[in-house]
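Close look at the chain arrangement
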Amino acid sequence: MRIVLTGGGTGGHIYPALAVAKEILRKEPQATFLYIGSGKGLEADIVPRAGIQFEAIEIAGFKRKLSFENVRTVWKFIRAVSRSKELLRKFKPDVVIGTGGYVCGPVVYAAAQLGIRTMIHEQNVVPGLANNFLSRYVTNVAVSFQDSFAHFPKAKTVFTGNPCATQVLQGNAEAGKKSLGIAPDKRLVLIFSGSRGARAINETTLAILPDIHQYPGHHFVYVTGEVHYENIAKQLESIGKPTNLTVMPYAHNMPDLLAASDVVIARAGASTLAELTALGIPSILIPSPYVTNNHQEKNARGLESAGAAIVITERELNKEKLQEALHQIIVDRDHNQEMRKSALALGMPDAAERIYRLLSTGQAL
Ligand SMILES: CC(=O)N[C@H]1[C@@H](OP(=O)(O)OP(=O)(O)OC[C@H]2O[C@@H](n3ccc(=O)[nH]c3=O)[C@H](O)[C@@H]2O)O[C@H](CO)[C@@H](O)[C@@H]1O
């Protein structure tokens, strides 16, 4: 099979595409891929690292409000559709898969116009602008939540889950600990804040770090996000970096680190939650309030009501709240195990397989 993948801006739109690629390769080792993304999104860095051929197109996102900026965006969109058609005619894919983010708009639209089979994957309950627009033109829509059916044409929509769930199951805890240079019996607390980092989480994390020496059996990994790294590294130098802490700007081996994790503190992006539930990792979730329809809090409350996570909104977030939640999950091992079970019960470990089935047969699993 020849496949074009597209989607991006943030990791939440890129990793699902890469997870689908991995599953296709597992089933069809001869499959060939081309990823079309924006040169400015995270995909320009992440995709070539994954060994997939990458082509950049120029495109801008539409603003939700009416504005003059949108006139320029329409012009860019038309140019991007025509550039996408060139790339598609040259590569001759059997199928084009879009995973959201504005870059997938022109690529998937161009494919539909050329009569190529198309599929979009939606990670959130409520679709973003690009997937909303594309759903009229594509062959199939794969969704991660049953509640998403209301937002898409029913006849072509299939419930698959998020393929990142399948991907993380291949993570290796031992390799994760080795990459940090820590002993195999250490437990991991992994702190990260979505694929681009977040200031509020960083500030509160910095406040709790001086006290983490009270958990000598746990090693802490703090992923700051590229843009915040230098500043945080400097601040840590001045307060004294605890010995049971590793700080990094970005984790490129997330499946291995997650496999090794005892507790995760994170945002509530859709792919992150799919990964936490597939592996059954207890979590403290701090949803981003800066997303459309506050969808991260909705995602997070789902885990909370099942007993799989503790949710702290950004408004409530402070050092004491975070410390208390963390202490509870680290020290009370029964509680930790209960949360683990509740998280696992929500997982969709065969999501990638469901998407592959949809791609190859047009039918749900
Ligand atoms: C602020 C924002 O708009 N967030 C949205 C964005 O999430 P965003 O991209 O921030 O977050 P997601 O949780 O969906 O995905 C993050 C992905 O990046 C990986 N990762 C993260 C950090 C790191 O250092 N290394 C790494 O590999 C995670 O394991 C995960 O696979 O897209 C998601 C899917 O549409 C939405 O649900 C989120 O609301």
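Let us look at the structure shown here. (Residues numbered from 1 in each chain as written. Predicted model: local features only at pLDDT ≥ 70, side-chain atom pairs only at ≥ 80, totals over all residues.)

Regarding the sheet that holds strand β5 (residues 117-122)
Read from one edge of the open sheet, seven strands run β3-β2-β1-β4-β5-β6-β7, paired in parallel fashion. What marks the edges here is a single partner per strand, and that holds for β3 (54-57) and β7 (157-159). Each neighbouring strand pair of the sheet contributes to a mean axis angle of 25 degrees, computed without reference to strand direction. Relative to β7, strand β6 (residues 140-143) runs parallel, the two being bridged by three bridges. By the bridge assignment for β7, Val143 is matched with Phe159. (Pairing = 2+ DSSP bridges. Helix = DSSP H or I, 4+ residues; strand = E, 2+ residues; numbered from the N terminus. Axes fitted to C-alpha atoms, helices over the stretch in contact; angles between N-to-C directions.)

What about unusual backbone geometry?
Most peptide bonds adopt trans geometry, and most residues besides glycine take a negative phi value. The backbone of Asn293 sits at a positive phi, close to 50 degrees, despite the residue not being glycine. Checked against the element boundaries, Asn293 lands in the loop between β12 (283-285) and α12 (295-305). Look at Asn294: it is not a glycine, yet its phi comes out positive at around 50 degrees. One can find Asn294 in the loop between β12 and α12. The partly exposed category is assigned to Asn294, around which 14 C-beta atoms lie within 10 Å. (Buried ≥ 20, exposed ≤ 12 C-beta atoms within 10 Å, placed from the backbone.)

Digging into the sheet that holds β12
Strand order across the open sheet formed by six strands is β10-β9-β8-β11-β12-β13, with parallel pairing between neighbours. Only two strands of the sheet have a single neighbouring strand rather than two, namely β10 (245-248) and β13 (309-311). On average, each strand axis in the sheet is tilted by 15 degrees relative to the strand beside it, whichever way the strands run. As defined by bridge partners, β12 adjoins β13 across three bridges and the pair is classed as parallel. Bridging from a neighbouring strand, Ile284 pairs with Ile310 of β13. Along the sheet, α12 contacts β12 and β13; its crossing angle with β13, the most-contacted strand, is approximately 130 degrees. (Contact = placed C-beta atoms within 7 Å.)

Let's talk about the packing of helix α8 (residues 199-208) against helix α13 (residues 319-331)
Two elements in contact, α8 and α13, have axes whose closest approach is 9 Å; the angle formed by their N-to-C orientations is 70 degrees. Relative to α13, the element α8 lies roughly perpendicular. The way α8 lies across α13 gives a crossing that is right-handed. In contact with Thr204, Ala207 and Ile208 of α8, α13 contributes Lys319, Leu322 and Gln323. (Parallel < 35°, antiparallel > 145°, perpendicular 65-115°, else oblique. Left-handed = near helix turned anticlockwise from the far one by under 90°.)

Shape descriptors only; they carry no functional weight alone.
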